[in-house]
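Residues per chain, in single letters:
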Amino acid sequence: MPELDRLDRKAADVFAGKVVRKDLVRRIKVGANVPVYVLEYLLGKYCASEDPAVVEAGLRIVNSTIAENLVRPDEANKAQSLVRERGRHTFIDKVKVRYVAEDDRYWAELIHFAHRYVHVPERYIREFDRLLVEGVWAQVDMHHEYDEEVRGRKSPFWIDEIKPIQIATFDLDEYRRGRSEFTDEEWIDFLIRGMGMEPSQFDHRLKMLFLVRLIPLCEHNYNLVELGPRGTGKSYAYQELSPYVILLTGPATVANLFYNMASGKIGLVGLWDAVAFDEVADLQKMPKEVVTTLKTYCESGTFARGREALSGHASVTMFGNTNQPVEVMVRSSHLFSPMPDVIREDMAFLDRIHFYLPGWEVPKMRNEYFTDHYGFIVDYLAEALRAMRKGNCAEVIDRHFSLGSHLNARDAKAVRKTVSGLMKLIYPHGEVSRDQLADLVALAMEGRRRVKEQLKKMGSFEYYQTSFSFIDNETREERFVGVPEEGGRDLISPDPLAPGSVYTACVDNQGKVGLYRIEVGISAGTGKLKIAGAMDSAMKDAVQRAFAYLQGHKVNMGIGQAMDTMDFHVEAIDLLGNKIPCEAGVALVVAVYSAVKKRPVLSGLLILGDLSIQGNIKPVLSLAEPLQTAMDNGARRALIPIVNKRNFLDVDPGIMERVDPIFYGDPMLAALKGLGAN
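Position numbers for residues start from 1 in each chain and track the written sequence from start to end. Local features are withheld for residues below a pLDDT of 70 in this predicted model, meaning they are given only at 70 or higher, and side-chain atom pairs are given and counted only at 80 or more; totals for whole chains, interfaces and linings count all residues. To get the side-chain values, take all heavy atoms of the structure and skip hydrogens and water.

Peer 1: Which parts of the structure should I look at to understand the pattern of salt bridges?
Peer 2: One side-chain nitrogen of Lys or Arg within 4 Å of one carboxyl oxygen of Asp or Glu is enough to make a salt bridge. By the definition in use, this model includes 42 salt bridges. Among the salt bridges present, the one from Glu 186 reaches Lys 10, with a minimum N-O distance of 2.8 Å. Remark: Lys 10 occurs in helix H1 (residues 6–14) and Glu 186 occurs in helix H8 (residues 184–194); sequence separation between them is 176 residues. Neither Glu 186 nor Lys 10 differs from the other in exposure class; each is buried. Put simply, Lys 417 and Glu 219 hold a salt bridge, and the shortest N to O gap is 3.6 Å. In this pair, Lys 417 is assigned in helix H19 (residues 409–426) and Glu 219 in the loop between helix H10 (215–218) and strand E7 (223–228), connecting sequence segments 198 residues apart. The buried label goes to any residue with under 20% of its type's maximum accessible area, the exposed label to any with over 50%, and the partly exposed label to all in between, with areas taken from a 1.4 Å probe on protein chains only. Given the relative accessible area of 10%, Lys 417 is considered buried. Using a relative accessible area of 4% as the deciding quantity, one classes Glu 219 as buried. Comment: elements are numbered from the N terminus, with helices defined as DSSP H or I runs of at least four residues and strands as E runs of at least two.

Written out as structure tokens, the structure is:
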């Protein structure tokens, strides 16, 4: 038996009877043909103890209960005969109740017992409201008796007692109160254990990606795509975690998915909380009408069939397998390339996706990734997720942040729905700090930006605005959010950097180019320059000259108070790793000015040039090489000494079409233009 940790004990105390040891589930599931949520309910009832003897005794009870009382679908007639011959018997089956108007009474239906008209005491209908909706797995005591009803339908089967073996009622307020007993990290780890995985095996980012998989279960009309290697558990949540979702493993029709005009019955999107395509390639085999209707549904949750305009609340999730490393897809095509032809180039369809989960970051499942500790009974977790679908946390972003200018209406909707889902999962009690909310917004933006980046790659001008950001409502600081897999291709980010960070380049007498990112941090002090990390002598001298110039011109530049009351920490990161000496005095001036003013420099900006102790601008040896390198690594603008203007004859016209030159004649002008002032 595994040793229980602090989280186990807290979980067992706060959610008594609603947790189960996940290793026991794996042990018993092998031989039991019942839903995992039924097994977990029984295990939570009989095996919630630290005493190994009690656990073993509980396992025997669970096994015997299933073996003796479970009705097999192929033995329905035998079960009915058993009740008749014995007079009464106890079964484990799924029970549904419906009201039949012509009989003016409630009838119970036992699914595996295969009888749709069983007498049921009405007190159970009032006690267990799920009986009237999707039904409840239960232990049912039944007897056989002649029905003396004079008129109407007759049935010889009568239910004496119903003992639910899955959650029959759910209290959302109790769930929220329980959440408040846990720290954020404890709660996230507890949710991961509820999914059957061991959180100590994963870093925080991976845990968050696992939780994103659950958003369609708690957020209505949410569109999620996950493409990644095989064996990473993409569809697990839709097979094992909830009875309210359906996993499609083959082609579907419009009638099956949306609405059957012949029968007048709503399709899967109206019956389930989430509809998942286990292999998105199956869409290729479906009629084109399915994809067209699905595109409309993913936008608004509505669809038209015949004369009817209908709606559904089911979320849509698409899983697919990648056959190439992500680096190859990023370099050679786009990240939607594993999609089937029918939607791969349909940018309007792809633009409706709220979050693209990077499945290549999820490891293939191994034995050590599965937990032996306590986790939620999945049926209880499924009820919590379903109950939270009724709420909406989309406006929580507005408490502290506003969205950047590059997010259009669809982008904002996607980000808000993702944040809403994460809030329900991690902060169902509603207590979230500014920093915690910022992390959720950043993750939501990353998932949506991944979609937009691929659309931009596919060549559509309307999707070019991908510099996603959010702005703090108090400080007005703007934070830009990138996508990790794009970072390896362009060393110069297309997004504005944090205030105090700039890119600079230099060229030596052999034509070799050095590319650096200079970062300036400030702290309370007395105006000292502090150089962090290793820095070559040429750059160190240039930095010291530039800092001396700033000290001498601080009043004219409007930064006098900061230069007297702050210390400046400077670090240079060699992006190419080739150790080319770099005189980057002007870059240091712009970086310090940016840090003091708390404003980022222009996005995609490269700064060229150095200065003397008196502030005279030194020209660059050559423009062609540094501009070519800058263009190849993502630069869109270059701040260039005016004295180098004559060198433009040496620059390839193709470079100048893609990198806008911005000229300056003195350090102050360079600082102003670097921050976007005219």
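Still more ground to cover, so stick around.
Peer 1: Teacher, can you tell me more about the sheet that holds strand E27 (residues 637–641) here?
Peer 2: Two modes of strand pairing occur in sheets, parallel and antiparallel, and in both the strands are linked by backbone hydrogen bonds. Two strands make a pair as long as DSSP finds a minimum of two bridges between them. Strand order across the open sheet formed by 7 strands is E22-E23-E21-E20-E24-E27-E28, with mixed pairing between neighbours. Unpaired on one side and paired on the other, strand E22 (529–531) and strand E28 (660–664) mark the two borders of the sheet. For this sheet, the mean inter-axis angle between neighbouring strands, taken without regard to orientation, is 30°. With 3 bridges joining them, strand E24 (residues 605–607) and E27 adopt parallel strand pairing. Note that in E27 the partner of Leu 606 across the bridge is Ala 638. Here an axis means a line fitted to C-alpha atoms, over the contact stretch when the element is a helix, while the angle between two N-to-C directions is reported on a 0 to 180 degree scale.

Peer 1: Honestly, helix H20 (residues 434–457) in this entry has me stumped. Any pointers?
Peer 2: Residue pairs spaced three or four apart in an α-helix point in one direction, given the helix's 3.6 residues per turn. Any helix carries an expected span of 1.5 Å times its number of residues minus one. When the terminal C-alpha atoms of H20 are compared, their 34 Å separation across 24 residues agrees well with the 34 Å that a helix rising 1.5 Å per residue should span. Counting buried residues along H20, 18 of its 24 residues qualify, which places the element largely inside the surrounding structure.

Peer 1: Quick question: what am I supposed to make of the packing of H8 against helix H9 (residues 204–212) here?
Peer 2: The packing of two helices is summarised by the inter-axis angle and the distance between the axes. Close contact between H8 and H9 brings their axes to 10 Å; oriented N to C, the two are set at 55°. Classed by the angle they form, the pair H8 and H9 counts as oblique. Handedness of the crossing formed by H8 with H9: left-handed. When H8 is examined against H9, the residues Glu 185, Ile 188, Asp 189, Leu 191 and Ile 192 are found in contact with a partner set consisting of His 204, Lys 207, Met 208, Phe 210 and Leu 211. Here the word oblique covers every angle except those under 35 degrees (roughly parallel), over 145 (roughly antiparallel) and from 65 to 115 (roughly perpendicular). Each crossing is labelled by how the near helix is turned from the far one, with a counterclockwise turn of less than a right angle marking it left-handed and a clockwise turn marking it right-handed. Whether two residues are in contact is decided by their heavy atoms, any of which lying within 4.5 Å being enough.

Peer 1: It is not clear to me how the packing of aromatic side chains should be interpreted in this structure. Could you clarify?
Peer 2: By convention here, two paired aromatic rings are described through the distance between centres and the angle between planes. Note on ring pairs: Phe, Tyr and Trp rings are taken, using the six-membered ring of Trp, and paired if centres are within 6.5 Å. Classes follow the plane angle, with under 30 degrees stacked, over 60 edge-to-face and the rest tilted. Inspection of every chain in the model, using the stated rule, returns 31 aromatic pairs. With a centroid separation of 6.2 Å and 10° between ring planes, the pair formed by Tyr 124 and Phe 128 is classed as stacked. Residue Tyr 124 is classed as buried on the basis of its relative accessible area, which comes to 5%. The structure contains a cluster of three or more aromatic residues connected by ring pairs, namely Phe 15, Phe 170, Tyr 175, Phe 182, Trp 187, Phe 190, Phe 376 and Tyr 380. Geometrically, a lysine NZ or arginine CZ counts as sitting over a ring once it is within 6 Å of the ring centre and also within 35 degrees of the ring normal. Against the face of Tyr 244 rests Arg 386, its NZ or CZ located 4.0 Å from the ring centre. Note that Lys 645 overlies the ring of Phe 663, its terminal NZ or CZ placed 5.3 Å from the centroid.

Peer 1: Looking at this model, I keep getting lost on the side chain of His 89. Mind explaining?
Peer 2: By the secondary structure assignment, His 89 is in strand E2 (residues 88–100). Classification of His 89 by relative accessible area gives buried; the value is 16%.

Peer 1: Is there a simple way to think about the sheet that holds strand E3 (residues 105–110) in this case?
Peer 2: Taken in spatial order, the 5 strands of this open sheet run E4-E3-E2-E5-E6, and their pairing is antiparallel. What marks the edges here is a single partner per strand, and that holds for strand E4 (115–118) and strand E6 (157–164). Averaged over all pairs of adjacent strands, the angle between strand axes in this sheet comes to 50°, irrespective of strand direction. By the bridge criterion, 6 bridges tie E2 to E3 in an arrangement that is antiparallel. Of the residues in E3, the one forming a bridge with Arg 98 is Trp 107. Of the strands in this sheet, E2 and strand E5 (136–144) are in contact with helix H4 (residues 52–69), which crosses E2 at around 70°. Those strands touched by helix H5 (residues 76–86) are E2, E4, E5 and E6, and its axis lies near 110° from that of E2.

Peer 1: In this structure, what is going on with the environment of Ile 61? I would like to understand it.
Peer 2: Of note, Ile 61 is situated in helix H4. The partly exposed category is assigned to Ile 61, whose relative accessible area is 37%. In sequence terms Ile 61 and Ser 81 are 20 residues apart; their C-alpha atoms lie 26 Å from each other.

Peer 1: Please explain the environment of Asp 93 as it appears in this structure.
Peer 2: Its location among the elements puts Asp 93 in strand E2. When the C-alpha positions of Asp 93 and Met 557 are compared, they lie 80 Å apart, and in sequence the two are 464 residues distant. Leave out the neighbours within four places in its chain, and Asp 93 touches Val 71, Leu 110, Ile 111, His 112, Phe 113, Val 136, Trp 137 and Ala 138.

Peer 1: What exactly am I supposed to notice about empty space enclosed by the protein here?
Peer 2: Empty space left among the atoms is revealed by rolling a probe the size of a water molecule over them. The method works on a 1 Å grid over the protein atoms by themselves. A cavity is a set of points holding a 1.4 Å probe that cannot get out, a pocket is an open set with protein on both sides within 12 Å along at least five of seven lines, and residues with an atom within 4 Å of a point line them. Grid points are joined across faces, edges and corners, and a volume is the space filled by probe spheres set on the points. With the rule as written, the count across this model stands at 2 cavities of 30 Å³ or more. Residue lining of the largest cavity: Cys 298, Glu 299, Asp 351, Arg 352, Ile 353, His 354, Arg 410, Lys 413, Ala 414 and Arg 448, and that is the complete set. Those elements that provide at least two residues to the lining of the largest cavity are helix H14 (288–300) and H19. When residues in the lining of the largest cavity are grouped by element, the largest group, 3 residues, is from H19. We call Asp, Glu, Lys and Arg charged. Ala, Val, Leu, Ile, Met, Phe, Trp, Tyr, Cys and Pro are nonpolar, and the rest, Gly among them, are polar. A breakdown of the residues in the lining of the largest cavity according to their chemical character gives 3 nonpolar, 1 polar and 6 charged. In this model, the second largest cavity occupies a volume close to 30 Å³.

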